[in-house]
Amino acid sequence: MSIQVLRLAAFLYLGAATAYVLFFARPRHAVLATVGQWLLGAAFLAQGVSIGLGCREYGGTEFFGLRGGVVTATWLATGASLVVQRMYRIPSVGAFITPLVLALLLPTIVAQRLDRPEVVPETVRAPAITVHIISASLGVALFALAAGVAVMYLLQEREVKGKRFGALFSRLPSLEALDQLNQRLVRAGFVVYTVALVTGTIVARVVWKSAWTWDPQQVSSLVIWALYGGLVQLRHTGWHGRRFALLTLVGFALVVGSRTVINLVPGATRHGGTYK
Amino acid sequence: MNRGREIHLVGLSHKSAPVAVRERVALSGDALKEALVALQVATGVGEAVVVSTCNRVEVYVYGEPAAAADAARRFFLDLAPEANGHLYERGGGEAVRHLFRVASSLDSMVVGEPQILGQVKEAYGLASAAQSAGAYFSRLCNRAFATAKRVRNETEIAKGAGSVSQVAVELVEKIFGDLRGRAVLLVGAGKMGALSAKALRDLGADRILVTNRSPERARALAQEIQGQPEPWESLTSLLALSDVVIVSTGAPTYVITPALLAPVMKVRRQRSVCFIDVAVPRNVDPALAGMSNVYAYDIDDLQRVVSQTHAARAGEAVRAEAIVEAEVMAFLAERESRAALPVLAAVRRRAEAIARAEAERTLSQVGGKLDEKGRRSVEAMAQAIVNKLLHGPTSRLKEAAASGDSSLPGAAAELFGVESESAENPPNERRPPGNDPEPPAAPEPRS
């Protein structure tokens, strides 16, 4: 059942992405942005329902793996981008974020599901793991948004600096606004990610009997945390604009890259699912 | 019934008259209201609208052609006798076309500039308030606004920046968003720089700092644009606290160089800064563009954007003219078909009166032998004969009028002998309702 609802959500995402991209191409038709926003809101609700159903069907197990993590992260990224659009009123962001969310969701909706629900051991069923999963997903979602905004900044900066005032020029918000939004998203993501790191350590102590085990997931998370922490600090010493945007992209590449590599190597990590 | 009344335009604009004349005849507020009332009285008309902006003053009157034109001409000559020779006049459809083109910004100095529509709306609003604009101008102006809206939506005539300082403002907006709480530094006392600084103040810049090699000129310019004079020696510290720097000195070399700016950027903590160099020869080293978070544009960059805009707008203007033409035609056709209505109404009134009289006569003779139902049948029959007889002439008259043929309505009036009757109803919007060929449209809501 949850997968059907998720497919419905994917359809709504497709509609929202189409509306946003059309709005980006024809900014005169402001109604497209409104349509996109409503469809995105509907998709967010549908995906939320799907996640709830998934929890009932699989007893929450799917959220311990990468797949559930991606679903949750896309869901939270959507929620965060809805909040951002409410606060800043820059609907052109939707043209960058919504297709990204859709692309991340696609493998999940065509993949086969677990045949039978797995049983989650009691040791893992602690409040800390719930907080850990939610904060880690939200942190990654915020980093993803920041990366999207950084791409917008870099594209726009190239046009403004190169004196070629093309299509982007009239469609994107000012560089200053993008830079500031990027900074806020990085800062918020860093705070949330810190919570994920702390709760992750607590869970590791309970499940793995040690807070630090040189597990690749732990190492990469710490590196990512340090990088974003450095980014927050660098801001105060005058890192602005282009360099900040580039570092945001590096950070997000690290997030995506490390997860992909760790998951490609079987048995590299005990993180996520292998708690038997 | 409106035959004999026509729209007439007398005006002068940036194309026909120098500013010295334009400023003499430009009226606003109460003075303009008084003038409108005077125009209304002088024409014995009822309707007048005056569009008065810094680039044009145009008097549109609606009434007997000779009296109206005369009143409109006097409006100018009474204010400024030297306006004679700078005036242009348009009558009828030409005047309608002119108003549509003006509202659509096709007649503006910078084609496609967005302010003019608001100014025309304001002119109409003022005339409505002074009750000098009635049913005719209500329809005409609403059509003009609709035309302007179509032009803006269906063509790209209003796209892009039309002047150098507008380009500068757009660039700054693109980099910084709005300028609230930011400082603009004006280096040198060129006229172009002062213009741009003023434009940036309109964008919300709080502080405008002015510096110049000669302290007196800095002070004078600062006073002119309500800026703050600063000594030339503190240029580097001024650069450190300004976000937009407009450079227009007469110096033959680069005043702002990477070597000068590098330490400044450290002090600024790499906060973005934008240089706009409007000086010739250039005062800002183009190598600056290579520094991170530094944006530098020279006059050629800005000019290039302006000429791109103008080229694009010239292309769009052709499409806009076609829209205007279609709207003018539609307006005139609508008017013509309205002009046929009074003749039709008069013919129908007369026919119905005859039918009613004949029915009554018949009923008084044989009515006693008929019951209520029978009497109603006789009345209905008389009405039906009228309807059937007039159906053909009615539709043909409407067709002829809509295609601009005014001879047929005239012939019909003569044929049916209703000429005298229609002359009893002077075309005035204060007529009792029912005979009104032009129901007064609701005034345009002020936006």
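What counts and what doesn't
Residues numbered from 1 in each chain as written. Chains lettered and ligands numbered in written order. Predicted model: local features only at pLDDT ≥ 70, side-chain atom pairs only at ≥ 80, totals over all residues. Heavy atoms only, no water. Helix = DSSP H or I, 4+ residues; strand = E, 2+ residues; numbered from the N terminus. Buried < 20%, exposed > 50% of the residue type's maximum accessible area, 1.4 Å probe, protein only. Contact = heavy atoms within 4.5 Å. Areas by Shrake-Rupley, 256 points an atom, 1.4 Å probe, with all protein chains shown as cover. Salt bridge = Lys/Arg side-chain N within 4 Å of Asp/Glu carboxyl O. Phe/Tyr/Trp six-rings, centres within 6.5 Å; stacked < 30°, edge-to-face > 60°. Lys NZ or Arg CZ within 6 Å of the ring centre and 35° of its normal. Pairing = 2+ DSSP bridges. Axes fitted to C-alpha atoms, helices over the stretch in contact; angles between N-to-C directions. Buried area = accessible area lost by both parts, 1.4 Å probe. Expected span 1.5 Å × (residues − 1). Lys, Arg positive; Asp, Glu negative; His and termini not counted. Polar contact = N/O pair within 3.5 Å; in protein donor to acceptor, adjacent residues only side chain to side chain. Core = buried A, V, L, I, M, F, W, Y, C linked by side-chain atoms within 4.5 Å.

Draft legend 1. Region of interest: the overall build of chain B. Of the regular secondary structure elements, chain B holds 15 helices and ten strands. Split into buried and exposed, the 447 residues of chain B put 48% on the buried side. Across chain B, contacts joining residues at least 24 apart in sequence account for 74% of those joining residues at least 6 apart. About 20900 Å² of surface is accessible on chain B, with carbon and sulfur atoms providing 55% of the total.

Draft legend 2. How the structure looks around the overall build of chain A. In terms of regular secondary structure, chain A is built from eight helices and zero strands. Helices and strands in chain A line up, N terminus first, as α-α-α-α-α-α-α-α. Taken over 276 residues, chain A has a buried fraction of 48%. In chain A, once contacts between residues fewer than 6 apart in sequence are set aside, the share between residues at least 24 apart is 80%. Just so you have it, chain A exposes about 13100 Å², and 70% of that area is on carbon and sulfur atoms.

Draft legend 3. View of the side chain of R268 of chain B. Within the fold, R268 of chain B resides in the loop between α11 (258–267) and β9 (273–277). Residues within four places of R268 of chain B in sequence aside, it is in contact with L239, A240, L241, S242, D243 and V273 of chain B.

Draft legend 4. Representation of the pattern of salt bridges within the structure. This model, assessed by the stated rule, comprises 28 salt bridges over all chains. The shortest N-O distance in the salt bridge between E157 of chain A and R242 of chain A comes to 3.6 Å. Highlighted residues: E157 of chain A in helix α5 (residues 127–161) and R242 of chain A in helix α8 (residues 241–264), separated in sequence by 85 residues. R150 of chain B serves as the salt-bridge partner of E154 of chain B, at 3.0 Å between the closest nitrogen and oxygen. Here E154 of chain B and its partner R150 of chain B are both found in helix α6 (residues 135–154), four residues apart, which amounts to about one turn of the helix. Among the charged side chains, a network of salt bridges with common partners joins K15, R56, E58, R101, D107 and E321 of chain B.

Draft legend 5. Region of the structure containing the packing of aromatic side chains. All names here are of chain A. All told, the structure shown has twelve aromatic pairs over all chains when counted by the stated rule. For the ring pair F24 and F96, a centre distance of 5.7 Å and an interplane angle of 85° mean the geometry is edge-to-face. Placement of F24 in helix α1 (residues 2–25) and of F96 in helix α4 (residues 94–110) is noted, with a sequence separation of 72 residues between them. For F24, a relative accessible area of 17% puts it in the buried group. F96 sits in the partly exposed class, given a relative accessible area of 22%. Taking the centre distance of 5.6 Å and the plane angle of 25° together, the rings of F190 and W225 count as stacked. Of this pair, F190 sits in helix α6 (residues 175–207) while W225 sits in helix α7 (residues 216–236), placing them 35 residues apart in sequence. For F190, a relative accessible area of 18% gives the class buried. The ring of F244 has R235 sitting right over it, with the charged end atom 4.8 Å from the ring centre. The residue whose ring lies beneath R243 is W239, and the NZ or CZ to ring-centre distance is 4.6 Å.

Draft legend 6. The sheet that holds strand β3 (residues 56–63) of chain B, seen in detail. Residue and element names in this part refer to chain B. Strands sit in the order β2-β3-β1-β4 across an open sheet of four strands; the sheet is antiparallel. Whereas interior strands pair on both sides, the edge strands pair on one side only; in this sheet they are β2 (47–52) and β4 (88–91). Averaged over all neighbouring strand pairs, the angle between strand axes comes to 15°, with direction disregarded. The pairing of strand β1 (residues 6–13) with β3 spans eight bridges and is antiparallel. Counterpart to S13 in the pairing with β3 is R56. Contacting β1, β2, β3 and β4, helix α3 (residues 65–79) runs over the sheet at an angle of about 155° to β3. Sheet contacts for α6: β1, β2 and β3; angle to β2, the most-contacted strand, approximately 40°.

Draft legend 7. Structural context of the interface of chain B and chain A. Across the boundary between the two partners, chain B contributes 25 residues, which contact 21 residues of chain A. Taken together, the two surfaces of chain B and chain A that pack against each other cover about 1800 Å², and 51% of this comes from carbon and sulfur. Of all residues in chain B, K174, R269 and Y295 of chain B bury the most surface against chain A, accounting for 32% of the area lost on that side. Connecting chain B to chain A are one salt bridge. The shortest N-O distance in the salt bridge between R182 of chain B and E176 of chain A comes to 3.1 Å.

Draft legend 8. Summary view of helix α7 (residues 164–176) of chain B. Residue and element names in this part refer to chain B. Taking 1.5 Å of rise per residue, 13 residues should cover 18 Å, and α7 covers 18 Å from first to last C-alpha, within 8% of that figure. Within the span of α7, buried status applies to V164, V167, A168, V169, L171, V172, K174, I175 and F176. One or two positions beyond α7, positive phi appears at G177, with a value near 75°.

Draft legend 9. Structural context of the side chain of D285 of chain B. Residues and elements named next belong to chain B. Within the fold, D285 resides in the loop between β9 and β10 (294–298). For the buried D285, no salt bridge exists, and the shortest N-O distance to an oppositely charged side chain is 7.3 Å, to R282. At a separation of 2.9 Å, a polar atom in the side chain of D285 contacts the main-chain amide nitrogen of A287. Not counting the four nearest positions on each side in its chain, D285 is found in contact with Y254, I256, T257 and P258.

Draft legend 10. Just the nonpolar core, in detail. Formed by 88 residues in total, the largest nonpolar core has its most connected members in Y228 of chain A together with V244 and L302 of chain B. For this core, the element with the most residues is α5 of chain A, which contributes twelve residues. Other than its neighbours up to four places away in sequence, V244 of chain B contacts V172, F176, L179, A183, V184, L185, L200, C274 and I276 of chain B. Within the second largest apolar cluster, 59 residues are counted, among which are V25, Y60, A320 and V328 of chain B.

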